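One letter stands for each residue in the lines below.
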Amino acid sequence: MKGRAWSLLGVAALAAIPIMVRAQEAGYPITVIAPGKGPYTFPTGYQTPWDKIEIMVTEKMSPNLFVLHGSQGLDPAHPDASGGRAMALFGPDGVLMVDTQNRQVAEKTLQALRTFTDGPIRILVNTHVHGDHTGANAFFAKQGALIYSQDNLRNEMLRPPPRANGQPAPAPDMAGIPVATYQYAATTSGQPAVTFNMNGETVDFIPMMPSHTAGDTIVRFRKANVIYIEDFYRNFGYPFADQANGGSIKGMLDAVDLIEKLAGPDTTLIPGHGTLVKKQDLLPYRAMLVDIMAKVKTLRDQGKSLNDVLAANLTAPYDKTTMGDTQESKNRFITEVYDEVKDFPPVVDGKRTMPRHP
Ligand SMILES: [Zn+2]
């Protein structure tokens, strides 16, 4: 048997299995196309030209574990490489996908996948709710994928929070909603909710504490010694906790600390955006979160308004080492911290009722 048996193990069974940290397969990972470095500027009113965006194999993590990502310089939401990384584990047992890229490039994502496998697409796991990671869910469900996620992600999709301008979000496409769900629990933090043994690999879906959103999952590939860590860490632009979808800057610190425990020194960490990293690369990011939270809290405790805190330009010491830093990305980060250090609303149904700032 070469990993042909499908097994779904419960958390209780897994707790007893020691996780071996293995050496990476010789010669991997291979970066085929690195993300761009910028700087990028887009004129006012610029619209993403989806027809120009290509989806390509950008990294190979093992002989049968590939990463798909988009073109640089075209998508203002993610100018270094369009959309969020998707992954595919492939082989005789079919395809397991992590995330699905933007809806507008669904057909191209499938074509890119078909350059290396003609296997059936069986399993899909969503790392978080954002459209650059779940946009083509319905498309891939129609290809046969069974979609897994945290319960909170399903709730965020079924009953989305209002948009930043207060307008209600559009109704979801029911075909793209996860059907197999699980929950995060602090008492079992770091343990997989689901494990797949297929194509010679062992894949763990590990639910995360509210961090980038309240529905995050990281995905560990034990043999390849790789963890897809999605968006609670980023190295292009300032940190983003989507608090309306239950995210938390403090939770992002906890997420970094969990990776410290789960990853070995050589484990390749795959963020949703930016460059591939190792766990020691997360430490300056962690230090920045701690520093900014303390400074914003001090100012807010002194009664400073959000505008006062923004004007203090607290991110200035980090601008030189933060690729893709924009005023918008700084302001968003500082506003999140300001909202979090006092009267931070709780997560209800995967979401938080955040204050609106004019
Ligand atoms: Zn993303």
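The notes below deal with the structure included here. (Residues numbered from 1 in each chain as written. Predicted model: local features only at pLDDT ≥ 70, side-chain atom pairs only at ≥ 80, totals over all residues. Heavy atoms only, no water.)

## As for the packing of helix H7 (residues 282–301) against helix H9 (residues 327–340)
- One can describe the packing of H7 onto H9 by two numbers: an axis separation of 9 Å at closest approach and a directional angle of 60°. Relative to H9, the element H7 lies oblique. In the packing of H7 onto H9, the handedness of the crossing is right-handed. Facing Leu-289, Ile-292, Met-293, Val-296 and Arg-300 of H7, the residues of H9 in contact are Phe-333, Ile-334, Val-337, Tyr-338, Asp-339 and Glu-340. (Axes fitted to C-alpha atoms, helices over the stretch in contact; angles between N-to-C directions. Helix = DSSP H or I, 4+ residues; strand = E, 2+ residues; numbered from the N terminus. Parallel < 35°, antiparallel > 145°, perpendicular 65-115°, else oblique. Left-handed = near helix turned anticlockwise from the far one by under 90°. Contact = heavy atoms within 4.5 Å.)

## Observations regarding the pairing of strand S5 (residues 95–98)
- Both faces of S5 are covered, namely the face carrying Val-95 and Met-97 and the face carrying Leu-96 and Val-98.
- Examined bridge by bridge, strand S4 (residues 86–89) and S5 share three bridges and lie antiparallel to one another. The partner of Leu-89 across the bridge, within S5, is Leu-96.
- In this antiparallel pair of consecutive strands, S4 and S5, the connection spans five residues, and Gly-91 shows a positive phi of 155°.
- Bridge analysis of S5 against strand S6 (residues 121–125) gives four bridges, and the strand direction is parallel. By the bridge assignment, Val-95 is partnered in S6 with Ile-121. (Buried < 20%, exposed > 50% of the residue type's maximum accessible area, 1.4 Å probe, protein only. Pairing = 2+ DSSP bridges.)

## Some remarks on the sheet that holds S5
- Judged by pairing direction, the sheet is mixed, and its eight strands sit side by side in the order S1-S2-S3-S4-S5-S6-S7-S8 without closing on themselves. Each of the sheet's edge strands pairs with one partner strand only, and the pair in question is strand S1 (30–31) and strand S8 (180–182).
- Along the sheet, helix H5 (residues 151–158) contacts strand S7 (146–150) and S8; its crossing angle with S7, the most-contacted strand, is approximately 105°.

## Things to note about the side chain of Asp-216
- The topology assignment puts Asp-216 in the loop between strand S10 (201–207) and strand S11 (217–221).
- No salt bridge forms around the buried Asp-216; measuring N to O, its nearest opposite-charge neighbour Arg-352 is 10 Å away.
- Excluding residues that lie within four positions of it along the chain, Asp-216 makes contacts with Thr-127, His-128, Gln-150, Ile-206, Pro-207, Met-208, Ser-211 and Glu-230. (Lys, Arg positive; Asp, Glu negative; His and termini not counted. Salt bridge = Lys/Arg side-chain N within 4 Å of Asp/Glu carboxyl O.)

## A look at the coordination of the zinc ion
- At this site the zinc ion is bound by His-133 (NE2), Asp-231 (OD) and His-273 (NE2), with donor distances of 1.9 to 2.1 Å.
- Mapped onto the sequence, the donors of the zinc ion take the spacing H-x97-D-x41-H. In this pair, Asp-231 sits in the loop between strand S12 (226–230) and helix H6 (249–262) while His-273 sits in the loop between strand S13 (268–271) and H7, placing the two residues 42 residues apart along the sequence.
- Residue classification places His-273 among the buried residues on the basis of a relative accessible area of 3%. (Donors = N, O, S within 2.8 Å, 3.2 Å for Na, K, Ca; no water.)

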